[in-house]
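Examination of the molecular architecture
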Amino acid sequence: MNLATASARFVVWREAVFAYVAPAVCAGAGGVVTGQADLLCAAMTSIAGTSALVAFLLGMWLRQGGIRAIRLGRAASVALAAGFGLGATALAALTAQLLTATTFFADRIRIDFPIAAALAATIITWRWCSIQRKAHG
């Protein structure tokens, strides 16, 4: 395995860790700056947790051959990323709606879940496509 092949690997656990840390830091900083304790708590739980879960599940599916594309053009990458982003948003919104129907979960997840899922799915798909292009041509 040469250096180009080694650097062009899609490592799911790294993607999931980054998908947790990045929104946790960004939303947490927003909570600290604005003095919103609920945003600080949500940053570590519903925002970052949703992002990491979506990144892990979608990353595993992509890595295991969910999409078999040897040569991806730029248009295909954009379409895939947008499609997975929209799909993840719809599923996350439905999940949040079902969870907030009970009194146990806060209404905040109606916003947190879809936004975190959309960003995670779009970024993971885009990164996967980019790595596939590097690895295959």
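The rules behind these values
Residue indices follow the written sequence of each chain, beginning from 1 at its first position. With pLDDT at 70 or above as the cut-off, local features in this predicted model cover only qualifying residues; side-chain atom pairs require 80 or more to be listed or tallied, and sums for whole chains, interfaces and linings still use all residues. No hydrogens and no water enter the side-chain calculation; it runs on all heavy atoms of the structure. A run of DSSP states H or I qualifies as a helix once it reaches four residues; a run of E qualifies as a strand once it reaches two. Both are numbered from the N-terminal end. Burial here depends on accessible area, computed with a 1.4 Å probe over protein chains only, as a share of the maximum for the residue type. Under 20% is buried, over 50% is exposed, and the range in between is partly exposed. With residues, only the protein chains shown are counted as cover, and all accessible areas are computed by Shrake-Rupley using a 1.4 Å probe. For every residue, the predictor reports its confidence as pLDDT, a number between 0 and 100. Contact definition: two residues touch when any of their heavy atoms are within 4.5 Å. Only buried residues count toward a nonpolar core. Its members are Ala, Val, Leu, Ile, Met, Phe, Trp, Tyr and Cys residues joined through side-chain atoms within 4.5 Å. The term salt bridge refers to a side-chain nitrogen of Lys or Arg lying within 4 Å of a carboxyl oxygen of Asp or Glu.

Once that is clear, we can look at the overall build of the protein chain. Within the protein chain, the regular secondary structure consists of five helices and zero strands. Split into buried and exposed, the 137 residues of the protein chain put 37% on the buried side. Accessible surface for the protein chain amounts to roughly 8200 Å². Of this, 70% is attributable to carbon and sulfur atoms.

Turning our eyes to something else, we now look at the confidence of the model for the protein chain. Overall, the prediction assigns the protein chain a mean pLDDT of 86, with 85% of residues at 70 or greater. Per-element mean pLDDT across the protein chain ranges from 46 in helix α1 (residues 3–7) up to 95 in helix α2 (residues 12–34). In the predicted structure, residues 1–7 sits below a pLDDT of 50 and forms two contacts with residues beyond four places in sequence or in another chain.

This paragraph deals with the environment of isoleucine 124. As for its position among the elements, isoleucine 124 is in helix α5 (residues 109–136). In this structure isoleucine 124 comes out as buried when scored by relative accessible area, which is 2%. A C-alpha to C-alpha distance of 9.3 Å links isoleucine 124 and valine 12, two positions 112 residues apart in sequence. Beyond its immediate stretch of four places on either side in the chain, isoleucine 124 contacts Phe10, Glu15, Ala55, Leu58, Gly59 and Leu62.

Turning to the environment of leucine 62, a few remarks are in order. Structurally, leucine 62 is set in helix α3 (residues 37–63). A residue is classified by how much of its surface remains accessible, and leucine 62, at 2% relative accessible area, is buried. Between the alpha carbons of leucine 62 and isoleucine 124 there is a distance of 9.2 Å; along the sequence they are 62 residues apart.

Moving on to the nonpolar core. In terms of nonpolar packing, the biggest core is built from 19 residues, with Phe10 and Ile124 touching the most fellow members. For this core, the secondary structure elements donating two or more residues are α2, α3, α4 (74–100) and α5. Take this core: its biggest share by element is nine residues, from α5. Not counting residues up to four positions away in its chain, the partners in contact with phenylalanine 10 are Glu15, Gly59, Arg63, Ile124, Trp128 and Ile131. Core analysis: the next-biggest nonpolar cluster, separate from the first, contains five residues, Ala27, Leu39, Ala42 and Ala43 among them.

What follows deals with the pattern of salt bridges. Following the criterion strictly, the structure yields three salt bridges and no others. A salt bridge links aspartate 38 to arginine 108, with the shortest nitrogen-to-oxygen separation between them at 3.5 Å. With a gap of 70 residues between them, aspartate 38 in helix α3 and arginine 108 in the loop between α4 and α5 connect regions that are remote in the sequence. Exposure remark for aspartate 38: the relative accessible area of 45% places this residue in the partly exposed category. Of the residues examined, arginine 108 reaches a relative accessible area of 28% and is grouped as partly exposed. A salt bridge links arginine 108 to aspartate 112, with the nearest nitrogen and oxygen atoms 3.1 Å apart. Taken together, the salt bridges that share partners define one network made up of Asp38, Arg108 and Asp112.

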